[in-house]
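Breakdown of the fold
Each chain, written out:
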Amino acid sequence: LPAFQDSQLSIKDLHFDGVPIRIYLPREPSASQRRGVVFIHGGCGIFGSISKELKEKIICRYIARKSDSVVVSVGYHLAPEHQYPAQTLECLTATVHFLKTAETYGVDPARIIVCGDSAGGTFATSVCQELGHRTDIPKIRAQVLIYPFLQALNFNLPSHQKNAAVAFLSRERAVHFILKYLNKDCSLKEPILAGSHVPESISLKYRKWINPDLIPDVFKLGYKPPLPTLFSPQVHEEVQELFEPRVSPLLAEDAVVCGLPDTCIITCEHDVLRDEGLLYKKRLEDNNVHVTWHHVEKGFH
């Protein structure tokens, strides 16, 4: 559909504190303030656009119509031209601006959610983690994470093994895109897939959160624990960003996680990232965050 033709919605391209956004506003007058949705598109931080991606337009229009909400789609600038963490920071800036100016668009600032798919789910998670304890702006009401990427420590979880060669987002392609996003040498892919970038101290520290034992048995059919691998200090030094919560939100401390809003997590069976959603679900529940989980048994990334 053409960008600005919609009988039910008024669609405008704006900037929120310098960040490009596309806003979808229902044309029908409302007797009360509407709900608001910040939508962050996927694409590994290196693909996608609010102006060219038909999928995003359809999703945003669908959400705005079906939920009678004002939807703000964030057009963050892409890596590697705009270096990490510019993408997360721009999503954060756009969200804060919307929280502060919601009433201008007829939105109740207490009823704004942040939603994202794939890497957009990563950015949405990071935004909520960074805003969780702020008291100077309205609280985010909820986060919706659609098959999010949440950790870069272990690429040998059951879903990685089961879906290693699934079309579109294979296990190897996932690591390749992460390295492209961080503007790293893609020759590091193989040692990262093997786990050579993780020192034993870090592996032990985060084993309480990233561990196949935490995944329900029904999702581990055919799983084989990987063979031990040698740690490479050189590889570890090259990819320090992988251990930052902005790349691996599963590594955020409990003090951050306990401040998160209600959460909806969507996972798909045929997706290398499935188990990251399952592990984050458990972390949130362990920290008394209300979680709604939808699993699509025949779904794929």
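Residues numbered from 1 in each chain as written. Predicted model: local features only at pLDDT ≥ 70, side-chain atom pairs only at ≥ 80, totals over all residues. Heavy atoms only, no water.

**Details of the overall build of the chain**
Check the secondary structure of the chain and you find 10 helices and eight strands. Computed over its C-alpha atoms, the radius of gyration of the chain comes to 19 Å, within 12% of the 19 Å expected for a compact globule of 301 residues. Referenced to the eigenvectors of the C-alpha coordinate spread, the extents of the chain come out at roughly 60 × 40 × 40 Å. Taking all contacts inside the chain whose residues are at least 6 apart in sequence as the whole, residues at least 24 apart take part in 76%. Carbon and sulfur atoms provide 55% of the accessible area of the chain, an area that totals close to 13,800 Å². Across the chain, the centroid of the 33 positively charged side chains sits 5 Å from that of the 34 negatively charged ones. (Helix = DSSP H or I, 4+ residues; strand = E, 2+ residues; numbered from the N terminus. Rg over C-alpha atoms; globule rule 2.2 N^0.38 Å. Contact = heavy atoms within 4.5 Å. Areas by Shrake-Rupley, 256 points an atom, 1.4 Å probe, with all protein chains shown as cover. Lys, Arg positive; Asp, Glu negative; His and termini not counted. Charge placed at Lys NZ, Arg CZ, Asp CG, Glu CD.)

**Comments concerning the packing of aromatic side chains**
Summed over the entire model, instances satisfying the criterion amount to nine aromatic pairs. For the ring pair Tyr76 and Phe123, a centre distance of 5.2 Å and an interplane angle of 80 degrees mean the geometry is edge-to-face. Here Phe123 lies in helix 3 (residues 119-131) and Tyr76 lies in the loop between strand 4 (69-74) and helix 2 (86-101), a separation of 47 residues in the sequence. Judged on exposure class, the residue Tyr76 and its partner Phe123 are both buried. One aromatic cluster is present, formed by Tyr76, Tyr84, Phe123 and Tyr181 through successive ring pairs. Stacked on the ring of Trp209, the Lys or Arg Arg283 has its end atom at 3.6 Å from the ring centre. (Phe/Tyr/Trp six-rings, centres within 6.5 Å; stacked < 30°, edge-to-face > 60°. Buried < 20%, exposed > 50% of the residue type's maximum accessible area, 1.4 Å probe, protein only. Lys NZ or Arg CZ within 6 Å of the ring centre and 35° of its normal.)

**Comments concerning the pairing of strand 4**
The two faces of a sheet get side chains in turn, since along a regular strand they alternate between them. Summarising burial for strand 4: six of the six residues are buried, a large majority. Alternating residues of strand 4 divide into Ser69, Val71 and Ser73 and Val70, Val72 and Val74, and every residue in both groups is buried. Summarising the sheet, strand 2 (residues 19-26) and strand 4 pair through four bridges and their orientation is antiparallel. Bridge pairing links Arg22 to Ser73 in strand 4. (Pairing = 2+ DSSP bridges.)

**Observations regarding the UniProt feature "domain: Alpha/beta hydrolase fold-3" (unreviewed entry) in the chain**
UniProt feature "domain: Alpha/beta hydrolase fold-3" (unreviewed entry): in the numbering of this structure it lies at residues 37-192 and 241-301. End C-alpha atoms of residues 241-301 are separated by 24 Å, and the span's content is 28% helix alongside 31% strand. (UniProt positions renumbered as here; feature names shortened; annotations may be inferred.)

**Some thoughts on the side chain of Arg171**
Along the polypeptide, Arg171 turns up in helix 5 (residues 171-181). Buried and without a salt bridge, Arg171 has Glu172 as its closest oppositely charged side chain, separated by 5.6 Å. At 2.7 Å, the side chain of Arg171 forms a polar contact with the backbone oxygen of Phe155. One polar contact links Arg171 to Asn156, side chain to side chain, over a distance of 3.2 Å. (Salt bridge = Lys/Arg side-chain N within 4 Å of Asp/Glu carboxyl O. Polar contact = N/O pair within 3.5 Å; in protein donor to acceptor, adjacent residues only side chain to side chain.)

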